[in-house]
Amino acid sequence: MPRNTPIYGFTYQCPGDIVDAADFALLGGQIDAKMTALDALQVRMLTRRNTNVDQSAVGVASGVEASLAPAYVFPVAGIYQVRGIVNNPGFATINMQRVRLRHNVTDYLGQTANTEGNQGALVPWGATCFVAAAGDTGQLRYLFNGSGPVNINGTFSVRLIAEIR
Amino acid sequence: MTSPVVCPAPDNMAAVALQMQRTALEAEASLLSIENRLHASLNRPTWVIDSTANVTGLVANVDQFLLSGAAAVERFNNTGFDLDLSSVAQLPFTGLWQVGYSCVVVASGAVNDNSFRDFKLRHGRPFPSPLGFITIWQENYLLYETNTGVGVDATVIAEFNAQAGDVVVPLIQHGNTSSTLTMQVPMRMWATLMSTPDQAKVV
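Model, not experiment: these values are computed from the prediction. (Residues numbered from 1 in each chain as written. Chains lettered and ligands numbered in written order. Predicted model: local features only at pLDDT ≥ 70, side-chain atom pairs only at ≥ 80, totals over all residues. Heavy atoms only, no water.)

Looking now at the overall build of chain A. Within chain A one finds 1 helix and 11 strands. Written out in order from the N terminus, the α and β elements of chain A read β-β-α-β-β-β-β-β-β-β-β-β. The C-alpha atoms of chain A give a radius of gyration of 26 Å, which is well past the 15 Å a tight globule of 165 residues would have. Overall size of chain A, expressed as C-alpha extent along the three principal axes, is 90 × 25 × 20 Å. Taking all 165 residues of chain A together, 47% fall into the buried category. A fraction of 71% describes how many contacts in chain A between residues 6 or more apart in sequence connect residues 24 or more apart. On chain A, roughly 7400 Å² of surface is accessible, and the fraction owed to carbon and sulfur atoms is 53%. (Helix = DSSP H or I, 4+ residues; strand = E, 2+ residues; numbered from the N terminus. Rg over C-alpha atoms; globule rule 2.2 N^0.38 Å. Buried < 20%, exposed > 50% of the residue type's maximum accessible area, 1.4 Å probe, protein only. Contact = heavy atoms within 4.5 Å. Areas by Shrake-Rupley, 256 points an atom, 1.4 Å probe, with all protein chains shown as cover.)

What chain B contains, in helices and strands, is 1 helix and 11 strands. Reading chain B from its N terminus to its C terminus gives the helix and strand order α-β-β-β-β-β-β-β-β-β-β-β. Expressed as a percentage of its 203 residues, the buried residues of chain B come to 45%. As presented, chain B carries roughly 9600 Å² of accessible surface, and 56% of it is formed by carbon and sulfur atoms.

Below, the discussion takes up the side chain of Asp118 of chain B. Residue and element names in this part refer to chain B. By the secondary structure assignment, Asp118 is in strand 7 (residues 116-126). Among the polar contacts made by the side chain of Asp118, one reaches the side chain of Asn140 at a distance of 3.2 Å. Those residues in contact with Asp118 that lie beyond four places of it in its chain are Asn140, Tyr141, Leu142, Leu171, Ile172 and Gln173. (Polar contact = N/O pair within 3.5 Å; in protein donor to acceptor, adjacent residues only side chain to side chain.)

Tallied over the entire structure, the rule returns 13 salt bridges over all chains. Between Lys34 of chain A and Glu35 of chain B there is a salt bridge whose closest N-O contact spans 3.4 Å. Taken as a pair, Lys34 of chain A in helix 1 (residues 21-46) and Glu35 of chain B in helix 1 (residues 13-42) lie in two separate chains rather than in one. In terms of burial, Lys34 of chain A and Glu35 of chain B fall into one category: buried. (Salt bridge = Lys/Arg side-chain N within 4 Å of Asp/Glu carboxyl O.)

The next subject is the interface of chain A and chain B. Taken residue by residue, the interface counts 57 residues in chain A and 51 residues in chain B. Interface area for chain A against chain B, summed over the two sides, is near 4600 Å², with a carbon-plus-sulfur share of 66%. Applying the counting criterion to the chain A and chain B interface returns 25 residue pairs in polar contact (both at pLDDT 80 or more). Every element with two or more residues in the side of chain A that touches chain B is listed here: strand 2 (11-12), helix 1, strand 6 (78-86), strand 7 (94-103), strand 8 (106-114), strand 9 (125-132), strand 10 (137-146) and strand 11 (150-163) of chain A. No other element matches the 11 residues that helix 1 of chain A contributes to the side of chain A that touches chain B. Here the side of chain A that touches chain B is composed, by residue class, of 32 nonpolar, 14 polar and 11 charged. (Buried area = accessible area lost by both parts, 1.4 Å probe. Nonpolar A, V, L, I, M, F, W, Y, C, P; charged D, E, K, R; others polar.)

Another point: the sheet that holds strand 9 of chain A. Where strands meet in a sheet, backbone hydrogen bonds hold them as pairs that are either parallel or antiparallel. All names here are of chain A. Ordered in space as 3-11-6-9, the 4 strands form an open sheet in which the pairing is antiparallel. Each edge of the sheet is formed by a strand with only one pairing partner; in this case those strands are strand 3 (50-60) and strand 9. Here the strands of the sheet are splayed against their neighbours by 25° on average, with no regard to which way each runs. (Pairing = 2+ DSSP bridges. Axes fitted to C-alpha atoms, helices over the stretch in contact; angles between N-to-C directions.)

Take the packing of aromatic side chains next. Residue and element names in this part refer to chain A. On inspection of all chains with the given rule, the structure shows 9 aromatic pairs over all chains. Each ring, one from Phe74 and one from Phe130, has its centre 6.0 Å from the other, and the planes form 70°; the classification is edge-to-face. Separated by 56 residues along the polypeptide, Phe74 in the loop between strand 5 (72-73) and strand 6 and Phe130 in strand 9 bring together distant segments of the chain. Residue Phe74 is classed as buried on the basis of its relative accessible area, which comes to 0%. Note on Tyr142 and Phe144: the rings are 6.0 Å apart at their centroids and 25° apart in plane angle, and the pair reads as stacked. Both residues of the pair, Tyr142 and Phe144, count as buried. (Phe/Tyr/Trp six-rings, centres within 6.5 Å; stacked < 30°, edge-to-face > 60°.)

With that settled, consider unusual backbone geometry. Of note, the bond from Ala69 of chain A into Pro70 of chain A is cis; its omega dihedral lies within 30 degrees of zero at 0°. Inspection of the secondary structure assignment puts Pro70 of chain A in the loop between strand 4 (66-67) and strand 5. Cis rather than trans, the peptide bond between Val185 of chain B and Pro186 of chain B has omega equal to -10°. Within the secondary structure, Pro186 of chain B sits in strand 11 (residues 181-195). Residue Asn61 of chain B is not a glycine yet carries a positive backbone phi of 65°. Take Asn61 of chain B: it is sitting in the loop between strand 2 (55-58) and strand 3 (64-65). With a phi close to 70°, Asn114 of chain B is a non-glycine residue in the positive phi region. By secondary structure assignment, the location of Asn114 of chain B is in the loop between strand 6 (95-107) and strand 7. For Asn114 of chain B, a relative accessible area of 36% puts it in the partly exposed group.

A few words now on the pairing of strand 6 of chain B. All names here are of chain B. For strand 6, the tally of buried residues reaches 11 of 13 residues, placing the bulk of the element in the interior. In the sheet, strand 6 pairs with strand 11 via 11 bridges, with the strands oriented antiparallel. Bridge pairing links Val106 to Thr182 in strand 11.

Function cannot be read off these values alone, since they describe shape.
Written as structure tokens, this is what we have:
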């Protein structure tokens, strides 16, 4: 009776069994398939899902929170470190800017910048971890208090730190 | 040492089968070792927790915990260690950790315009017992109340060279003397092991 190794289930014959070429072919094919899978795993490790995405919104009014587009679509399930920052668009008057990070329909907290009297004092950014499924979306959310409307550009950065399998 | 190759023949079939078994087990051991190392590199030890209740009554000019003692839930944890969420959060392995949290605090009553919000992330080491710790490092992020009705969002991130069992504590001190602050749910906190001491240093 053939037996199997305990982890991967590689098949081998036992003393007393007739061993033929098909048995060697089966074992060789099983080992080769596992090596192919490990090669794919190595590629995933070396080409980790890290990216920066430019997002924007036009005509954002004071006091109205806006979603920047296009939303990033997470390609695989995993834990992603997410960061977002916006460019200071230039205001006549600006009291506050806030960036948050949206995962699907949930907003995660970022940073509120007090810019009263000094527009260049602080440009807000945010960072958090998303526990994401494949196909989930992520995007910047932006709110300000001041004179508008304004066009806003930002960068949404993601770094895959662990896969969920 | 390489085993001699035995060609199958009726009088040595048992030896061939034994050789086949040895080959299968050796291949499995080698590939399992590689797979474990690849998975360890791809999936860094990480935990993610969220608070599940507001933290109220944060008074001015005193360091106060933002998470300890509050309700919290584990969103992800692949470290293999159970986090004791009733106490301060722990870093279970020695190495370089990136730790962060994000939260929003709002005034429960009157707002002191432009008053400070000092968000802190403290790296501590249990001493002299698990009930206390000494501070190894502290990261501060100072923001000011905008008084536009939205409170203050804050994100703090730091890298800590930690020993297994060290703790990380999110704190706030603020200058809103006219009322207390409330930290609203959810506050998210996370930690990721970036490298371990046995990995080669770049100098």
